Amino acid sequence: MATRTREKAEARRANADKRPRAIAKHIRISPRKVKIVIDLIRGKQVDQALAILMYTPKSAAPIVEKLLNSAIANAENNLELSRDELYVAEVFANPGPTLKRYVARSRGSASPMLKRTSHITVILDTKA
């Protein structure tokens, strides 16, 4: 039986990370492909990161750009932070659920095809 649930929830809320963030789940692109793009913007100012993403010819770039814009909007509207002071503190792509399909092969056999998905997280912070 759970005990002190109200106190534990209060402690979790007090210790929660207060930095602005945005999370995109179940994105139909492999985390390996996303990590190439997110490594380009880690630690950069948000305007500089948006400029990098705009001219990156990878399929994950528009997805990460949209997610970064969402994190910026969360920082400005929910936490009243200035856009000029924001930078990309953390950005990571974790694997999501994998869709398992089969592709036909010779002599009536089949081989598995793994269609991978990603959970992408962008966490911003202010230059202090």
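In case you missed it, the structure is sitting above this.
Parameters at a glance
Residues numbered from 1 in each chain as written. Predicted model: local features only at pLDDT ≥ 70, side-chain atom pairs only at ≥ 80, totals over all residues. Heavy atoms only, no water. Salt bridge = Lys/Arg side-chain N within 4 Å of Asp/Glu carboxyl O. Helix = DSSP H or I, 4+ residues; strand = E, 2+ residues; numbered from the N terminus. Buried < 20%, exposed > 50% of the residue type's maximum accessible area, 1.4 Å probe, protein only. Contact = heavy atoms within 4.5 Å. Pairing = 2+ DSSP bridges. Axes fitted to C-alpha atoms, helices over the stretch in contact; angles between N-to-C directions.

Explain the pattern of salt bridges to me, and be specific about the residues and the numbers.
By the definition in use, this model includes six salt bridges. Between Asp17 and Arg19 there is a salt bridge, with the nearest N and O atoms lying 3.0 Å from each other. One salt bridge in this structure joins Arg19 and Glu90, with 2.6 Å as the shortest N-O distance. With Arg19 in the loop between helix 1 (5-15) and strand 1 (21-27) and Glu90 in strand 2 (residues 86-95), this residue pair connects regions lying 71 residues apart in the sequence.

How would you explain the side chain of Thr121 if you had to name every residue and give the values?
Summarising the element assignment, Thr121 is placed in strand 5 (residues 118-126). Among the residues examined, Thr121 registers a relative accessible area of 6% and is labelled buried. Dropping the residues within four chain positions of it, Thr121 is found in contact with Ala22, Ile23, Leu67, Glu90, Val91 and Phe92.

I'd like to hear about the sheet that holds strand 1, residue by residue, with values.
Read across the open sheet, the three strands follow the order 1-5-2; overall the sheet is antiparallel. Two strands lie at the open edges of the sheet, namely strand 1 and strand 2, each paired on one side alone. On average, adjacent strands in this sheet sit at an angle of 15 degrees to one another, irrespective of strand direction. Relative to strand 5, strand 1 runs antiparallel, the two being bridged by five bridges. Paired with Ile27 across the two strands is Ser118, which belongs to strand 5.

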